[in-house]
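Residue-level structural notes
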Amino acid sequence: MPPLPSLDQARLFLYRALGTAAVYYLVAYLGIYLGTLANGAVSSIWPAAGVAAAASIRYRMAGQLGVFIGAIGANLNIVPDQALLYVAFGVAAGAWLVAWIPRKIGSSDLMLETIGDIARFGLLGLPIGAALNALIATIALMNFGGIDSGSFLRSFWQLWTADWVGAMLIAPVLLTANSRSWISSAKAPWLEWVGAAIASVLVGIIILGSDDRNSIHTGDFLLFPLVLWVALRFPIGATSMLILFAGAVRIIAEMMQYGPLGPRIQLSDIMSLQVTLVSLSLGGLLVSSALSERRQSEIRLDMLANHDPLTGLPNRSYFQDYLQHAIAQCRRQGGQVSLLFIDLDRFKHINDSRGHEVGDQVLRIVASRLIDTLRTDDFVGRLGGDEFAVVISHPKSHRGASRVATKLIESLSQSFKVEDVRYAISASIGISVCPDDGTDANTLLRQADLAMYQAKQRKSGFEYFSDEMNAAAHEQLLIESGLRQALQKNDFALLYQPKVDLETGRVVGLEALIRWMAPGGKGVVGPDKFIPIAEDTGLIIPIGRWALRKACQQWVSWHQAGLNPPSVSVNLSPRQFSQGGLAQDVLSAIEETGMDASFLGLEITESAAMDNPELTTEVLMELGGRGIKIMIDDFGTGHSNLRQLKRLPIDTLKIDKGFVRDVLVDREDAEIAHAIIRLAHTLDMRVVAEGVESQEVAAFLKERKCDEIQGYLVSKPLIPEAVPSLFNKTFKIGLS
């Protein structure tokens, strides 16, 4: 059972019903006056039908009740008392049908702004609704003596056409009365409308100035181009108003042409007037709605071309145009333009772990928060992915955008729920300022992007651009270019650092470490210099493939020489996991080089293993099933999920050197190292301590049952030719 309406709802319903009744009653008297055009019928044009149609469409049941009440009042002294309620019911039923038919086969909101709306309204709803009204009224009048049976068809026809014509003239004006299309700040278009209205009056004067009946038809032909002129230039609201005005001119001219009309007026003349008015209305409305659809399509196309469909914010192209405009205005008027380049932290993790649907919702929430936080005259856009940007124009000041950047970071950091899961995100913001940092859009964007990366690396929230960033970016560009050339020229080399078993003192493994042999006598470039750049640019994928294949080839070469080499481990990048195809790369390298898979180890960082657990588990399960050893590198520096760690096919944990270096002087580091050893053994894993440089540290680790060590105490990374001398060597390590 539907809930009872509130008092306010009931009051509104009553106001609408009574207001409709009053308007219908008043307009009906205009129709009674126009009834002098048709002898023997109520009216040849019934404008109250337009009130009934519009009220029924707009107010539904309230409008239909008001039409019923108004029809009773309007017909009180016109039709027999016994037929009064039937006639009023017919008016209300016809009005209901006018609203129901377009809603049933189309949109629930009839705005008369599309060709479909006009067709459903003017060619289906109105004629069928008017026919129902005319049929009920004619039957009631015939049954109760209002008309004789011989004039049934004529009365039905006149009532039907009168309703249809009246509704076509009046209803569109009422239905578009609240439309913004009536409001225009341009004077010229409204002068055109006034000109068309004056021309319509002149047409009426032409009709009155001639006694020839053909002059009326000539006037009809002149009214059509006037209506079409306005329809081509104006929206539906103004067009419907001119149609009503032109129709009124035509009706008045007809009345004044013949004076008080009697039986001498033929039905064909009345039909000619009605056909003219319906055609005039439909033609003008269809043309106006067609142009309205085109304008809406152009608006939608412009929206798609200049706005991001996901968030509704301006896209990169529109944003750059606005930024260039703001810069030009800054040059003319002074002041500053600050550009804030915003990148969400760890958004990729949400996309990968929860799916793109959740990621899209997060982006919409971010866009909404940016809009709510910024001022109305600030400009925000989405540049792509999880990157947004803001343009702020302000008077000259030192770091004038800092307050805005702080507010944005605070707003974005507030947690929110998506699909019953609570998320909290952070953002890094880079800021560049015009004219201090640049005077064109591309330069400011590039510099704000550099500042954003600095903020992300420092975890500082936001950073301003500086010349030092430019120098660093230039160096990064040179390194990236050099890496591409190094891949082509094979300028990389692998060094090998041994791992020693603390129990036996024998070398039980080798870690392959990549070095870049820079051309031009620049020497060896360490991985800390070029690996981060390779990660950012994606070059780490081909570099990783090269290192894996080279290590396998080197092990096979030692094995074929009868040197009995230990296992060789290769470092994997998180980017290699995210790109996909890692398992295939590893298995292809093993197959093509002839490497024994049981002697190959893969070292992955803790963060890479936990970043996308599902993908990591799938890949490592496949590789571990082939006998490949899986090792977690730099353990203790990430955020391990111990349950996930247990599920992965991990053979070895490597304690990060940051915990190993100070185990003799730092109690917390000593406890952490010992805890990692116990955890690994509990999970049936071996433990390797990295960065061991002294016998005392080695003795500490040996006492706590660490399995292997790696570091300068054993050896620095060696070239391949120097490695075989270690294969049969026994190290005396861990002696106190």
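Procedures and definitions
- Residues numbered from 1 in each chain as written.
- Predicted model: local features only at pLDDT ≥ 70, side-chain atom pairs only at ≥ 80, totals over all residues.
- Heavy atoms only, no water.
- Helix = DSSP H or I, 4+ residues; strand = E, 2+ residues; numbered from the N terminus.
- Contact = heavy atoms within 4.5 Å.
- Areas by Shrake-Rupley, 256 points an atom, 1.4 Å probe, with all protein chains shown as cover.
- Patch = residues over 30% accessible without salt bridge, like charges linked within 9 Å, V, L, I, M, F, W, Y side chains within 5 Å.
- Salt bridge = Lys/Arg side-chain N within 4 Å of Asp/Glu carboxyl O.
- Buried < 20%, exposed > 50% of the residue type's maximum accessible area, 1.4 Å probe, protein only.
- Expected span 1.5 Å × (residues − 1).
- 1 Å grid on protein atoms, 1.4 Å probe; cavity = no way out; pocket = protein on both sides within 12 Å on 5 of 7 lines; lining within 4 Å.
- Points joined across faces, edges and corners; volume = space filled by probe spheres on them.
- Pairing = 2+ DSSP bridges.
- Axes fitted to C-alpha atoms, helices over the stretch in contact; angles between N-to-C directions.

**Some details on the overall build of the protein**
Per the secondary structure count, the protein includes 26 helices and 16 strands. For the protein, long-range pairs separated by at least 24 residues make up 70% of all intrachain contacts whose partners lie at least 6 apart in sequence. Summed over all atoms, the accessible surface of the protein reaches about 35700 Å², with 56% contributed by carbon and sulfur.

**A look at a nonpolar patch on the surface**
On the surface, Phe13, Leu14, Tyr15, Leu18, Met61, Leu65 and Ile69 cluster together into a nonpolar patch covering about 700 Å² of accessible area. Broken down by element, the residue count for the nonpolar patch peaks at four residues, all from helix H1 (residues 7-34). Structurally, the position occupied by Tyr15 is in helix H1. A relative accessible area of 55% means that Tyr15 is categorised as exposed.

**Section: helix H18 (residues 540-560)**
The terminal C-alpha atoms of H18 lie 30 Å apart, and with 21 residues this matches the ideal 30 Å at 1.5 Å per residue to within 8%. Where H18 terminates, the next one or two residues include Gly562, which has phi positive at roughly 75 degrees.

**Regarding empty space enclosed by the protein**
The full count for this structure, using the stated rule, is three cavities of 30 Å³ or more. In this structure, the largest cavity spans a volume of roughly 300 Å³. Put simply, the parts of the chain that give the lining of the largest cavity at least two residues each are helix H2 (48-59), helix H4 (81-105), helix H5 (115-143) and helix H6 (152-175). With seven residues, the top contributor of residues to the lining of the largest cavity is H5.

**Observations regarding the sheet that holds strand E3 (residues 387-394)**
Strand pairing in a sheet is mediated by backbone hydrogen bonds. Such pairs are either parallel or antiparallel. A sheet is described by the order of its strands in space; here five strands give the open sequence E2-E3-E1-E6-E7, paired in mixed fashion. The strands lining the two open edges of the sheet, one partner per strand, are strand E2 (379-384) and strand E7 (462-464). Ignoring strand direction, the axes of neighbouring strands in this sheet form an average angle of 20 degrees. Sheet topology places strand E1 (residues 336-345) next to E3; eight bridges connect them, and they run antiparallel.

Honestly, that's just the spatial picture; any functional story needs more than this.
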